[in-house]
Amino acid sequence: VYEIGFNPTELPQLDLGVDLATCTDFLSSGFEISDCTIRDNRARAIFIKAANGVIKRNRITGSTGQAIVVGPEFGPFYEASFVETLLIEDNRITDVGRTRFNAPQGGAISIFAIGPSSGASVFNLNTIARDNGHIQILRNVIDRAGQCGIFAAAVHDLTIAENRLVGLQRNPFPPAWSNG
């Protein structure tokens, strides 16, 4: 039997229409994905909804969706929680994002959160807390993506440095999502 206690006044202020409580002990926190080759899959290659992890030295090619996706989906299934303390480094990503699969996760590497009323195709930054955090994206090579190279939303304490981006789509988002 597990008992989770929380004070609702200390929860993130999300317009979810439900109370939100998560326990990181059950979210596979503390992981490493390294030295893997992922080829020709029909969706996202790596989808992370856990904290305290490392994704390094992987080779990802031919994914129809994104290469590395990080963050919770609060709707329709209220999956996981925000991701904290994550290092994404020295990955080689080639020829990904060949479809507009899950536009809210519109980068070869995407940090995001999806709200409950948004479904899989609409993203509303105004209803999502920026509680993904302490994420570093370092020394990755992204070559030929049908979307932007790195997309980040709903995040704080983000470091992006020394990445090489080649052959990317200039702006994969509808005008309402873009600042120009």
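As the structure is a computational prediction, the values presented were derived from the model and not from experiment.

Turning next to the environment of Q169. Tracing the sequence through the fold places Q169 in the segment after β14 (164-168). In this structure the C-alpha to C-alpha distance between Q169 and R144, which are 25 residues apart in sequence, comes to 8.3 Å.

What the five strands build is an open sheet, ordered β1-β4-β7-β10-β13; its pairing is parallel. Each edge of the open sheet is held by one strand with a lone partner, namely β1 (31-34) and β13 (155-161). Strand after strand, the sheet turns through a mean of 10 degrees between neighbouring axes, direction not considered.

On to the nonpolar core, then. Counting 25 residues, the largest nonpolar core has I60, I68, V70, I88 and I93 as the members making the most contacts within it. Of all elements in the fold, only β3 (46-48), β6 (68-70), β7 (84-89), β8 (92-96), β9 (107-111), β10 (132-138) and β11 (141-145) reach the threshold of two or more residues within this core. Take this core: its biggest share by element is three residues, from β9. One finds V69, F112, C148 and A153 within the second-largest nonpolar core, a separate group that totals six residues.

We now examine the packing of aromatic side chains. Each aromatic ring pair is characterised by the separation of its centres together with the angle its planes make. Enumeration according to the criterion identifies one aromatic pair in this entry. Ring plane angle 35 degrees and centroid distance 6.1 Å describe the contact between F47 and F112, whose orientation is recorded as tilted. Linking F47 in strand β3 with F112 in the loop between β9 and β10, this pair joins segments that are 65 residues apart in sequence. Owing to a relative accessible area of 26%, F47 belongs among the partly exposed residues under this scheme. Classification of F112 by relative accessible area gives buried; the value is 0%.

Attention now moves to the pairing of β9. The element β9 is largely enclosed, with a buried count of five among its five residues. Relative to β9, β6 runs parallel, the two sharing three bridges. Counterpart to I68 in the pairing with β9 is I109. Two strands pair when backbone bridges link them, and β9 and strand β12 (residues 148-152) are joined in this way by four bridges, in the parallel orientation. Of the residues in β12, the one forming a bridge with G107 is C148.

Parameters and conventions
Residues numbered from 1 in each chain as written. Predicted model: local features only at pLDDT ≥ 70, side-chain atom pairs only at ≥ 80, totals over all residues. Heavy atoms only, no water. Helix = DSSP H or I, 4+ residues; strand = E, 2+ residues; numbered from the N terminus. Pairing = 2+ DSSP bridges. Axes fitted to C-alpha atoms, helices over the stretch in contact; angles between N-to-C directions. Core = buried A, V, L, I, M, F, W, Y, C linked by side-chain atoms within 4.5 Å. Buried < 20%, exposed > 50% of the residue type's maximum accessible area, 1.4 Å probe, protein only. Phe/Tyr/Trp six-rings, centres within 6.5 Å; stacked < 30°, edge-to-face > 60°.

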